[in-house]
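# Summary of structural features
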Amino acid sequence: MNILILGGGGREHAMAWAFRDNPKCRRLLVAPGNAGIAEIAECRALDILDPDAVVAFVRAEAIDFTVIGPEAPLVAGVADALRAAGALVLGPSAAAAQLEASKAFTRALCDAAGVPGAAWARFDALSPALAHVRAQGAPIVVKADGLAAGKGVTVAATLPEAEAALEALFAQPGAEVVIEEVLAGEEASFFLLCDGETALPIGTAQDHKRVHDGDRGPNTGGMGAFSPSPLMDADTTARALDEIVRPTLAEMTRRGTPFQGILYAGLMIEAGRPRLVEYNVRLGDPEAQVLMMRLGAQVLDLMLACAEGRLGEIAPHWAEDHALTVVMAARGYPGLPETGTPIAGLEALAADSRHQVFHAGTTRDSTGQLVAAGGRVLCVTARAASLRGARAAAYRMVARIDWPGGFCRTDIGARAAGEDG
Ligand code: AMP
Ligand code: GLY
């Protein structure tokens, strides 16, 4: 098959790596890709937010299957355009992608479906929003309604913090804001393939959103992740499926916008009880890196079955393994990252089914030297029989990477592995 992946981060590198190992994959194209992806696939320039351009590309290159990595092309209707053109694609319609694109849409849908989550209210003007937070008191959560790349959420510990967050959001014209109760517990991520009828779990993970050790500093897209999540035992997973995912999918189908693609449920777990924090309509980044490491080449068969509506016929084969990824970011991230700094030492590292460095933001300069080209730059990923083993192996690789312009957290997975001092 000729396969196209849209995107150019660590998530897409991890998918490309897994697909490459599957004999069904003949040609693999990634748009736009990055320097790491270019070692295993053909990287192409393409405006992945333009549905017509993507359809034309798929026709010109005789692509048999397209997988959409990030949310923006989904929200822009790229999956709709491909399906309308008769092309096989993994990814929800723009209407179904509202599950990620609008928090108010999701909260209202979950209320209709009886999905447990935070009490919430939506505002399009500052003064009623201020009155609401003053009446509710702190702590309280303030969120921009639209896509905000993880940056539109403030979990305010105090009333002045909540008021400041509201004032900042409503400084933008046309702002829409959701205010939520703070859910107590610990967060885990639950990933499923959904074909409109069947929901097939493909793994659980936990990420680390803050930039510094000990969960300090500003939020990022994710500084590391591990899979599986110890919070998601069999009972909690079954509850998440029955009480959260299935009612959501049934309500989407009832509304005439069935969900086909990857559903990523962000859950808050308290005493084994899962509640919904948010949905995303794609794999997480860096969660995909640990999921792909654990699933390997079979993930292509799972994704094809999903796109063809055959999920009921297939199930993942699990090893009793653990995977962990450490994100190495460029100095300055999540503010303005320093780009162009040289990276060395990757060639000397093992690269096999248990050790991979997925590239998130790299390029080659005019001399061919690998250099940083983004905030999150490398995802150093390892797989082992235990979380401790995966953590040790990933950090052994990190220690051998020669990149003075980069930094990483040292405590990814430490608490879950019982190693936090
Ligand atoms: P979201 O973009 O909705 O996922 O929010 C980003 C992060 O904010 C989540 O991963 C949580 O850590 C936190 N968060 C969001 N909503 C809540 C909530 N209602 N209660 C507690 N934490 C929340
Ligand atoms: N790592 C969080 C996300 O992909 O949304």
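The structure we're discussing is the one just above.
Predicted model only: the values in this text are computed from it and were never measured.

Scanning the protein from terminus to terminus reveals 12 helices and 22 strands. Taken over the C-alpha trace, the protein has a radius of gyration of 21 Å; the compact-globule value for 421 residues is 22 Å, and the two agree within 12%. The dimensions of the protein, computed from C-alpha atoms along their principal axes, are 60 × 50 × 45 Å. The proportion of buried residues among the 421 residues of the protein is 56%. In the protein, the share of contacts with a sequence separation of at least 24, taken over all contacts with a separation of at least 6, comes to 68%.

Time to look at the sheet that holds strand β1 (residues 2-7). Spatial strand order, β3-β2-β1-β4-β5: 5 strands in an open sheet with parallel pairing. With partners counted over all chains shown, the strands left at the sheet margins are β3 (42-43) and β5 (89-90), one partner each. Here strand β4 (residues 65-68) runs beside β5; their pairing, made up of 2 bridges, is parallel. Pairing of V67 across the sheet is with L90, part of β5. Here helix α1 (residues 10-20) sits on the sheet in contact with β1, β2 (27-32) and β4, set at roughly 165° to β1.

Within this structure, the stated rule accounts for 29 salt bridges. A salt bridge links R364 to E39, with the shortest nitrogen-to-oxygen separation between them at 3.0 Å. With a gap of 325 residues between them, R364 in strand β19 (residues 362-364) and E39 in the loop between β2 and β3 connect regions that are remote in the sequence. Assessed through its relative accessible area of 39%, R364 is described here as partly exposed. For E419, the salt bridge goes to R391, with nearest N and O atoms at 2.9 Å. Of the two residues, E419 sits in the segment after β22 (406-407) while R391 sits in helix α12 (residues 387-400), which places them 28 residues apart along the sequence. Judged by relative accessible area, R391 falls into the buried class, the value being 11%. A network of salt bridges, in which partner residues are shared, links R27, E42, R44 and E61.

So, about the sheet that holds strand β6 (residues 120-123). In a beta sheet, neighbouring strands pair by backbone hydrogen bonds and run either parallel or antiparallel. What the 4 strands build is an open sheet, ordered β6-β9-β7-β8; its pairing is antiparallel. Looking at the sheet topology across the chains shown, the edges are occupied by β6 and β8 (153-156). The sheet shows a mean angle of 20° between the axes of neighbouring strands, direction not considered. In this sheet, strand β9 (residues 177-180) lies alongside β6 in antiparallel orientation, the contact comprising 4 bridges. Note on β9: the bridge partner recorded for R122 is V178. Across the face of the sheet, helix α6 (residues 103-113) comes into contact with β6, β7 (140-144), β8 and β9 while running at roughly 140° to β6. With respect to the sheet, helix α8 (residues 159-170) is in contact with β6, β7, β8 and β9, its orientation differing from that of β7 by roughly 10°.

Counted by the stated rule, this structure contains 1 cavity of 30 Å³ or more. In this structure, the largest cavity occupies an estimated 70 Å³ of space. As for the largest cavity, its lining consists of L99, E100, S102, K103, T106, R107, K143, E180, L276, V277, E278 and Y279. A total of 4 residues in the lining of the largest cavity trace back to one element, the largest contributor, which is strand β16 (residues 273-280). Partitioned by chemical class, the residues of the lining of the largest cavity number 4 nonpolar, 2 polar and 6 charged.

Taken as a whole, the second largest pocket spans an internal volume of roughly 370 Å³. Lining the second largest pocket are 21 residues, with E39, L346, E347, V357 and H359 sitting closest to its centre. Elements supplying a minimum of two residues to the lining of the second largest pocket: α1 and β18 (355-359). Of the residues that constitute the lining of the second largest pocket, the class distribution is 10 nonpolar, 8 polar and 3 charged.

Near ligand 1 you find 15 residues, and of these K143, E180, L183, E187 and E278 are the closest. Take E180: an N or O atom from its side chain is 2.9 Å from a nitrogen atom of ligand 1. Measuring from an oxygen atom of ligand 1, one finds a side-chain N or O atom of E187 at 2.4 Å. About the coverage of ligand 1: the protein hides 90% of its 470 Å² of free accessible area. When contributions to the shell around ligand 1 are tallied by element, the ones reaching two or more residues are β7, β8 and β16. Broken down by class, the residue content of the shell around ligand 1 amounts to 8 nonpolar, no polar and 7 charged.

Attention now goes to the packing of α6 against helix α9 (residues 234-254). Close contact between α6 and α9 brings their axes to 9 Å; oriented N to C, the two are set at 100°. Between α6 and α9, the interaxial angle falls into the category roughly perpendicular. Contact residues: F105, L109, C110, A112 and A113 in α6; P247, T248, E251 and M252 in α9. Along the lines of polarity and charge, the residues of the contact of α6 with α9 split into 7 nonpolar, 1 polar and 1 charged.

Taken together, D207, G221, Y264, R282, G284, D285, P286 and E287 make up all the residues around ligand 2. Within the side chain of R282, an N or O atom sits 2.9 Å from an oxygen atom of ligand 2. For ligand 2, a nitrogen atom lies 2.9 Å from a polar atom in the side chain of E287. When ligand 2 is considered free in solution it has 190 Å² of accessible area, and contact with the protein chains removes 86% of it.

Here is what the cut-offs are and how they apply
Residues numbered from 1 in each chain as written. Chains lettered and ligands numbered in written order. Predicted model: local features only at pLDDT ≥ 70, side-chain atom pairs only at ≥ 80, totals over all residues. Heavy atoms only, no water. Helix = DSSP H or I, 4+ residues; strand = E, 2+ residues; numbered from the N terminus. Rg over C-alpha atoms; globule rule 2.2 N^0.38 Å. Buried < 20%, exposed > 50% of the residue type's maximum accessible area, 1.4 Å probe, protein only. Contact = heavy atoms within 4.5 Å. Pairing = 2+ DSSP bridges. Axes fitted to C-alpha atoms, helices over the stretch in contact; angles between N-to-C directions. Salt bridge = Lys/Arg side-chain N within 4 Å of Asp/Glu carboxyl O. 1 Å grid on protein atoms, 1.4 Å probe; cavity = no way out; pocket = protein on both sides within 12 Å on 5 of 7 lines; lining within 4 Å. Points joined across faces, edges and corners; volume = space filled by probe spheres on them. Nonpolar A, V, L, I, M, F, W, Y, C, P; charged D, E, K, R; others polar. Near = heavy atom within 4 Å. Polar contact = N/O pair within 3.5 Å; in protein donor to acceptor, adjacent residues only side chain to side chain. Areas by Shrake-Rupley, 256 points an atom, 1.4 Å probe, with all protein chains shown as cover. Parallel < 35°, antiparallel > 145°, perpendicular 65-115°, else oblique.

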